[in-house]
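Spelled out, the chains give:
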Amino acid sequence: MSRKKHGDRPDGVWLRDLPAMNLIMPTVMPNRADNEAYIGLKVDLRPLDAYLAKKNEGRTEDKYTYFHVIAAAIAKAFILRPAMNRFICKNRIYQRKNVTVAFIVKKKFEDKSEEGMAFLEYTPEETLDSFHSKIMEVIHQTRREDVKDASSNAMDILVKIPHFVTVAAVKLIRWLDQFGCLPKSIIGSDPNHAAIFLSNLGSIGLECGYHHLVNWGTNSCFVVLGKKHYTVEYDKEGNGDCHEVIPLGVTLDERIADGYYYSKTVALVKELLAHPELLELPASTPVEYAVHR
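Note that the structure is a prediction, hence the values are computed from the model and not measured.

1. Some words on the overall build of the chain
Next up, step 1: What the chain contains, in helices and strands, is eight helices and 10 strands.
Next up, step 2: In terms of C-alpha radius of gyration, the chain reaches 20 Å, essentially the compact-globule figure of 19 Å for 293 residues.
Next up, step 3: In terms of overall dimensions, the chain has a C-alpha envelope of 60 × 50 × 35 Å along the principal axes.
Next up, step 4: Considering the chain as a whole, with its 293 residues, one finds that 46% of them fall into the buried category.
Next up, step 5: When the accessible surface of the chain is summed, it comes to about 15900 Å², and 56% of that surface belongs to carbon and sulfur atoms.
Next up, step 6: A gap of 7 Å separates the mean positions of the 38 positive and 38 negative side-chain charges of the chain.

Listed below in C-alpha coordinates is the structure:
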(Lines give C-alpha, C1' and ligand atoms only; values in the text may rest on other atoms or scores of the structure.)
Protein backbone atom coordinates (compact mmCIF):
# COMPACT_ATOMS: atom_id res chain seq x y z
CA MET A 1 0.00 0.00 0.00
CA SER A 2 1.46 3.37 -1.03
CA ARG A 3 2.06 5.96 1.67
CA LYS A 4 -0.20 8.98 1.85
CA LYS A 5 1.55 12.03 0.43
CA HIS A 6 1.20 15.62 1.55
CA GLY A 7 -1.96 17.08 0.06
CA ASP A 8 -3.77 13.75 -0.31
CA ARG A 9 -7.18 13.25 1.31
CA PRO A 10 -8.78 10.20 2.93
CA ASP A 11 -11.09 9.96 -0.11
CA GLY A 12 -8.72 11.02 -2.88
CA VAL A 13 -5.17 11.29 -4.19
CA TRP A 14 -3.92 14.70 -5.31
CA LEU A 15 -3.03 14.52 -9.03
CA ARG A 16 0.13 16.57 -9.59
CA ASP A 17 1.29 15.31 -13.00
CA LEU A 18 -1.52 16.53 -15.25
CA PRO A 19 -1.23 18.86 -18.27
CA ALA A 20 -0.84 22.52 -17.32
CA MET A 21 -4.33 23.45 -18.57
CA ASN A 22 -5.93 20.87 -16.28
CA LEU A 23 -3.89 22.03 -13.30
CA ILE A 24 -4.66 25.73 -13.77
CA MET A 25 -8.40 25.45 -14.47
CA PRO A 26 -9.44 24.87 -10.83
CA THR A 27 -7.62 28.06 -9.86
CA VAL A 28 -9.04 30.16 -12.68
CA MET A 29 -12.55 28.69 -12.28
CA PRO A 30 -12.74 27.55 -8.64
CA ASN A 31 -16.48 26.83 -8.23
CA ARG A 32 -17.91 23.47 -9.31
CA ALA A 33 -21.33 24.96 -9.98
CA ASP A 34 -19.79 27.38 -12.51
CA ASN A 35 -18.25 24.58 -14.56
CA GLU A 36 -21.19 22.42 -15.56
CA ALA A 37 -21.12 20.56 -18.87
CA TYR A 38 -24.27 18.82 -20.13
CA ILE A 39 -24.60 15.61 -22.12
CA GLY A 40 -27.90 14.11 -23.21
CA LEU A 41 -28.40 10.59 -24.49
CA LYS A 42 -31.26 8.18 -25.13
CA VAL A 43 -31.16 4.56 -24.00
CA ASP A 44 -32.73 2.15 -26.48
CA LEU A 45 -34.96 -0.08 -24.34
CA ARG A 46 -35.26 -3.01 -26.74
CA PRO A 47 -32.12 -4.85 -25.55
CA LEU A 48 -32.93 -4.00 -21.93
CA ASP A 49 -36.52 -5.25 -22.24
CA ALA A 50 -35.34 -8.59 -23.63
CA TYR A 51 -32.64 -8.90 -20.99
CA LEU A 52 -34.88 -7.96 -18.05
CA ALA A 53 -37.60 -10.38 -19.19
CA LYS A 54 -35.13 -13.25 -18.84
CA LYS A 55 -33.56 -11.86 -15.68
CA ASN A 56 -36.90 -11.49 -13.90
CA GLU A 57 -38.41 -14.77 -15.03
CA GLY A 58 -39.83 -16.48 -11.96
CA ARG A 59 -39.06 -13.54 -9.63
CA THR A 60 -41.95 -12.18 -7.59
CA GLU A 61 -40.10 -9.47 -5.65
CA ASP A 62 -36.97 -7.32 -5.87
CA LYS A 63 -37.11 -7.50 -9.65
CA TYR A 64 -34.34 -6.07 -11.78
CA THR A 65 -35.28 -2.70 -13.32
CA TYR A 66 -34.00 -0.23 -15.88
CA PHE A 67 -32.57 1.81 -13.01
CA HIS A 68 -30.45 -1.08 -11.73
CA VAL A 69 -28.96 -1.81 -15.15
CA ILE A 70 -28.34 1.84 -16.07
CA ALA A 71 -26.75 2.57 -12.69
CA ALA A 72 -24.47 -0.46 -13.03
CA ALA A 73 -23.46 0.51 -16.58
CA ILE A 74 -22.49 4.04 -15.54
CA ALA A 75 -20.58 2.77 -12.51
CA LYS A 76 -18.69 0.20 -14.63
CA ALA A 77 -17.76 3.00 -17.03
CA PHE A 78 -16.23 4.87 -14.06
CA ILE A 79 -14.17 1.76 -13.22
CA LEU A 80 -12.88 1.44 -16.78
CA ARG A 81 -12.56 5.20 -17.39
CA PRO A 82 -10.87 6.42 -14.16
CA ALA A 83 -10.63 10.09 -15.10
CA MET A 84 -14.42 10.21 -14.71
CA ASN A 85 -13.87 9.48 -11.02
CA ARG A 86 -12.08 12.72 -10.21
CA PHE A 87 -13.14 15.71 -8.14
CA ILE A 88 -11.84 19.15 -7.27
CA CYS A 89 -11.36 20.70 -3.84
CA LYS A 90 -9.27 23.69 -2.81
CA ASN A 91 -8.19 24.27 -6.43
CA ARG A 92 -6.70 20.79 -6.68
CA ILE A 93 -7.75 17.79 -8.78
CA TYR A 94 -8.08 14.51 -6.91
CA GLN A 95 -8.49 10.93 -8.04
CA ARG A 96 -11.25 9.42 -5.92
CA LYS A 97 -10.18 6.21 -4.20
CA ASN A 98 -13.51 4.40 -4.66
CA VAL A 99 -16.40 4.48 -7.10
CA THR A 100 -19.53 5.34 -5.14
CA VAL A 101 -23.14 5.64 -6.29
CA ALA A 102 -25.86 7.59 -4.47
CA PHE A 103 -29.55 8.29 -4.91
CA ILE A 104 -32.53 9.51 -2.90
CA VAL A 105 -35.10 7.00 -1.65
CA LYS A 106 -38.65 8.13 -0.93
CA LYS A 107 -39.88 6.23 2.11
CA LYS A 108 -43.47 6.35 0.83
CA PHE A 109 -44.99 7.87 -2.31
CA GLU A 110 -46.85 10.49 -0.29
CA ASP A 111 -46.45 14.27 -0.10
CA LYS A 112 -45.43 14.30 3.56
CA SER A 113 -43.21 11.26 3.43
CA GLU A 114 -39.53 11.79 4.23
CA GLU A 115 -36.61 10.99 1.96
CA GLY A 116 -33.63 8.83 2.80
CA MET A 117 -30.18 8.84 1.25
CA ALA A 118 -28.70 5.72 -0.33
CA PHE A 119 -24.92 5.52 -0.70
CA LEU A 120 -23.20 2.45 -2.20
CA GLU A 121 -19.71 1.45 -3.23
CA TYR A 122 -19.22 -0.14 -6.65
CA THR A 123 -16.05 -2.24 -6.55
CA PRO A 124 -13.88 -3.51 -9.44
CA GLU A 125 -15.19 -7.02 -8.63
CA GLU A 126 -18.84 -5.89 -8.73
CA THR A 127 -21.36 -7.55 -11.03
CA LEU A 128 -24.92 -6.58 -11.82
CA ASP A 129 -26.18 -9.29 -9.48
CA SER A 130 -24.09 -8.17 -6.50
CA PHE A 131 -24.91 -4.52 -7.15
CA HIS A 132 -28.62 -5.29 -7.43
CA SER A 133 -28.45 -7.00 -4.03
CA LYS A 134 -26.76 -3.93 -2.53
CA ILE A 135 -29.37 -1.59 -4.00
CA MET A 136 -32.32 -3.62 -2.76
CA GLU A 137 -30.80 -4.00 0.71
CA VAL A 138 -30.27 -0.25 1.12
CA ILE A 139 -33.74 0.55 -0.29
CA HIS A 140 -35.44 -1.81 2.16
CA GLN A 141 -33.36 -0.41 5.00
CA THR A 142 -33.96 3.23 4.07
CA ARG A 143 -37.73 2.79 3.76
CA ARG A 144 -38.03 1.64 7.35
CA GLU A 145 -39.78 4.38 9.30
CA ASP A 146 -37.56 3.83 12.34
CA VAL A 147 -34.28 4.21 10.44
CA LYS A 148 -32.48 7.39 9.36
CA ASP A 149 -29.12 7.70 7.64
CA ALA A 150 -26.28 9.56 9.35
CA SER A 151 -26.53 12.66 7.13
CA SER A 152 -30.24 13.06 7.84
CA ASN A 153 -29.61 12.69 11.56
CA ALA A 154 -26.92 15.37 11.43
CA MET A 155 -29.28 17.78 9.63
CA ASP A 156 -31.99 17.09 12.22
CA ILE A 157 -29.57 18.17 14.94
CA LEU A 158 -28.49 21.33 13.09
CA VAL A 159 -32.02 22.64 12.59
CA LYS A 160 -32.89 22.19 16.29
CA ILE A 161 -30.08 24.34 17.69
CA PRO A 162 -30.11 28.18 17.68
CA HIS A 163 -29.78 29.64 14.19
CA PHE A 164 -26.54 31.53 14.83
CA VAL A 165 -24.97 28.31 16.11
CA THR A 166 -26.21 26.47 13.01
CA VAL A 167 -24.63 29.09 10.72
CA ALA A 168 -21.31 28.85 12.55
CA ALA A 169 -21.43 25.05 12.56
CA VAL A 170 -22.15 24.88 8.82
CA LYS A 171 -19.25 27.24 8.08
CA LEU A 172 -16.94 25.03 10.14
CA ILE A 173 -18.25 21.88 8.44
CA ARG A 174 -17.71 23.39 4.97
CA TRP A 175 -14.16 24.43 5.93
CA LEU A 176 -13.35 20.96 7.27
CA ASP A 177 -14.86 19.38 4.14
CA GLN A 178 -12.47 21.35 1.92
CA PHE A 179 -9.57 19.63 3.70
CA GLY A 180 -11.20 16.21 3.72
CA CYS A 181 -11.42 16.23 7.50
CA LEU A 182 -15.08 15.36 7.97
CA PRO A 183 -15.75 11.92 9.47
CA LYS A 184 -17.40 9.23 7.38
CA SER A 185 -20.30 9.28 9.83
CA ILE A 186 -21.26 12.68 8.38
CA ILE A 187 -20.44 12.34 4.67
CA GLY A 188 -20.69 8.55 4.30
CA SER A 189 -24.32 8.76 3.23
CA ASP A 190 -24.28 12.21 1.60
CA PRO A 191 -24.98 11.93 -2.16
CA ASN A 192 -22.98 15.12 -2.77
CA HIS A 193 -19.86 13.18 -1.76
CA ALA A 194 -20.52 10.30 -4.18
CA ALA A 195 -18.81 9.77 -7.51
CA ILE A 196 -22.20 9.34 -9.22
CA PHE A 197 -25.42 10.99 -8.02
CA LEU A 198 -28.52 9.50 -9.69
CA SER A 199 -32.07 10.86 -9.80
CA ASN A 200 -34.73 8.57 -11.24
CA LEU A 201 -37.39 11.12 -12.21
CA GLY A 202 -38.98 8.62 -14.56
CA SER A 203 -40.11 6.56 -11.56
CA ILE A 204 -42.41 9.42 -10.54
CA GLY A 205 -43.58 10.21 -14.08
CA LEU A 206 -41.38 13.25 -14.77
CA GLU A 207 -39.58 14.17 -17.97
CA CYS A 208 -35.81 14.17 -18.14
CA GLY A 209 -33.81 17.28 -17.31
CA TYR A 210 -30.40 18.35 -16.06
CA HIS A 211 -29.58 18.80 -12.39
CA HIS A 212 -27.03 21.34 -11.23
CA LEU A 213 -23.83 20.46 -9.41
CA VAL A 214 -23.12 22.01 -6.01
CA ASN A 215 -19.99 23.45 -4.45
CA TRP A 216 -20.53 21.43 -1.29
CA GLY A 217 -18.99 17.97 -1.32
CA THR A 218 -17.03 16.26 -4.08
CA ASN A 219 -19.62 15.06 -6.59
CA SER A 220 -18.62 15.70 -10.23
CA CYS A 221 -21.35 13.73 -12.04
CA PHE A 222 -25.12 14.01 -11.69
CA VAL A 223 -27.33 11.80 -13.87
CA VAL A 224 -31.10 12.25 -14.29
CA LEU A 225 -33.25 9.43 -15.68
CA GLY A 226 -36.48 10.57 -17.31
CA LYS A 227 -39.65 8.63 -18.04
CA LYS A 228 -39.64 6.32 -21.02
CA HIS A 229 -41.25 7.39 -24.26
CA TYR A 230 -41.33 6.56 -27.95
CA THR A 231 -38.92 8.17 -30.36
CA VAL A 232 -38.13 7.85 -34.06
CA GLU A 233 -34.56 7.50 -35.26
CA TYR A 234 -33.60 7.77 -38.92
CA ASP A 235 -30.83 5.98 -40.78
CA LYS A 236 -28.74 7.43 -43.61
CA GLU A 237 -31.44 6.58 -46.15
CA GLY A 238 -34.09 8.39 -44.12
CA ASN A 239 -35.90 5.27 -42.94
CA GLY A 240 -37.57 5.78 -39.59
CA ASP A 241 -37.31 3.39 -36.64
CA CYS A 242 -39.85 3.91 -33.84
CA HIS A 243 -39.00 2.45 -30.43
CA GLU A 244 -39.05 3.23 -26.71
CA VAL A 245 -36.17 5.00 -24.98
CA ILE A 246 -35.23 6.36 -21.58
CA PRO A 247 -33.54 9.78 -21.77
CA LEU A 248 -30.54 10.53 -19.58
CA GLY A 249 -29.43 14.03 -18.65
CA VAL A 250 -25.81 14.06 -17.49
CA THR A 251 -24.20 17.03 -15.74
CA LEU A 252 -20.42 16.92 -15.36
CA ASP A 253 -17.69 19.09 -13.94
CA GLU A 254 -15.92 20.04 -17.17
CA ARG A 255 -12.60 20.57 -15.37
CA ILE A 256 -11.95 16.88 -14.62
CA ALA A 257 -11.60 15.68 -18.24
CA ASP A 258 -12.02 16.86 -21.85
CA GLY A 259 -14.83 16.43 -24.35
CA TYR A 260 -13.18 13.53 -26.16
CA TYR A 261 -12.83 11.59 -22.91
CA TYR A 262 -16.49 12.22 -22.14
CA SER A 263 -17.47 11.11 -25.65
CA LYS A 264 -15.66 7.78 -25.29
CA THR A 265 -17.28 7.26 -21.89
CA VAL A 266 -20.74 7.81 -23.37
CA ALA A 267 -19.91 5.32 -26.14
CA LEU A 268 -18.91 2.76 -23.50
CA VAL A 269 -22.16 3.26 -21.55
CA LYS A 270 -24.15 2.80 -24.76
CA GLU A 271 -22.28 -0.42 -25.52
CA LEU A 272 -22.98 -1.79 -22.05
CA LEU A 273 -26.69 -0.97 -22.29
CA ALA A 274 -26.90 -2.48 -25.77
CA HIS A 275 -25.34 -5.66 -24.37
CA PRO A 276 -26.34 -5.73 -20.67
CA GLU A 277 -25.04 -9.27 -20.25
CA LEU A 278 -21.56 -7.65 -20.09
CA LEU A 279 -22.56 -6.33 -16.67
CA GLU A 280 -22.62 -9.89 -15.33
CA LEU A 281 -18.82 -9.97 -15.58
CA PRO A 282 -16.66 -8.26 -12.93
CA ALA A 283 -16.69 -4.48 -13.40
CA SER A 284 -12.96 -4.36 -14.16
CA THR A 285 -13.39 -6.66 -17.18
CA PRO A 286 -12.43 -4.67 -20.33
CA VAL A 287 -15.05 -3.99 -22.99
CA GLU A 288 -14.49 -3.46 -26.69
CA TYR A 289 -16.54 -0.64 -28.15
CA ALA A 290 -16.49 1.72 -31.10
CA VAL A 291 -16.36 5.50 -30.84
CA HIS A 292 -18.43 7.10 -33.59
CA ARG A 293 -16.92 10.20 -35.18
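2. Considering the state of the cysteines
Next up, step 1: As enumerated under the stated definition, the model contains zero disulfides in all.
Next up, step 2: Considering cysteine sulfurs only, C181 is the nearest to C89, which forms no disulfide, with 11 Å between them.
Next up, step 3: Take C221: it sits in no disulfide, and the sulfur closest to it among the cysteines is that of C208, at 13 Å.

3. Focus on the packing of helix α3 (residues 66-80) against helix α8 (residues 259-274)
Next up, step 1: Closest axis-to-axis distance for the α3/α8 pair is 9 Å, and the angle between their directions is 135°. Taken together, the axes of α3 and α8 lie oblique to each other. Here the hand of the crossing between α3 and α8 comes out right-handed. Here V69, I70, A73, I74, K76, A77 and L80 of α3 come into contact with α8, specifically with T265, L268, V269, L272 and L273.
Next up, step 2: Of the residues contributing to the contact of α3 with α8, the split by class is 10 nonpolar, one polar and one charged.

4. Points about helix α4 (residues 128-142)
Next up, step 1: Taking 1.5 Å of rise per residue, 15 residues should cover 21 Å, and α4 covers 21 Å from first to last C-alpha, within 8% of that figure.
Next up, step 2: For α4, the full list of buried residues reads L128, F131, H132, I135, M136, V138, I139 and T142. The buried residues of α4 occupy an angular sector of 165° when the element is viewed end-on, so they sit on one face.

5. Re the environment of A168
Next up, step 1: In this fold, A168 is placed in helix α6 (residues 163-178).
Next up, step 2: A sequence separation of 79 residues divides A168 from P247, and the C-alpha atoms of the two residues are 41 Å apart.

6. Quick notes on the sheet that holds strand β4 (residues 92-96)
Next up, step 1: Spatially, three strands are ordered β1-β4-β3 in an open sheet, and the strand pairing comes out antiparallel. A strand with exactly one partner marks an edge of an open sheet, and here the two such strands are β1 (12-14) and β3 (86-89). Here the average twist between neighbouring strands, direction ignored, is 40°.
Next up, step 2: As defined by bridge partners, β3 adjoins β4 across four bridges and the pair is classed as antiparallel. The partner of F87 across the bridge, within β4, is Y94.

The rules behind each value
Residues numbered from 1 in each chain as written. Predicted model: local features only at pLDDT ≥ 70, side-chain atom pairs only at ≥ 80, totals over all residues. Heavy atoms only, no water. Helix = DSSP H or I, 4+ residues; strand = E, 2+ residues; numbered from the N terminus. Rg over C-alpha atoms; globule rule 2.2 N^0.38 Å. Buried < 20%, exposed > 50% of the residue type's maximum accessible area, 1.4 Å probe, protein only. Areas by Shrake-Rupley, 256 points an atom, 1.4 Å probe, with all protein chains shown as cover. Lys, Arg positive; Asp, Glu negative; His and termini not counted. Charge placed at Lys NZ, Arg CZ, Asp CG, Glu CD. Disulfide = S-S within 2.5 Å. Axes fitted to C-alpha atoms, helices over the stretch in contact; angles between N-to-C directions. Parallel < 35°, antiparallel > 145°, perpendicular 65-115°, else oblique. Left-handed = near helix turned anticlockwise from the far one by under 90°. Contact = heavy atoms within 4.5 Å. Nonpolar A, V, L, I, M, F, W, Y, C, P; charged D, E, K, R; others polar. Expected span 1.5 Å × (residues − 1). Arc of directions from axis to C-beta. Pairing = 2+ DSSP bridges.

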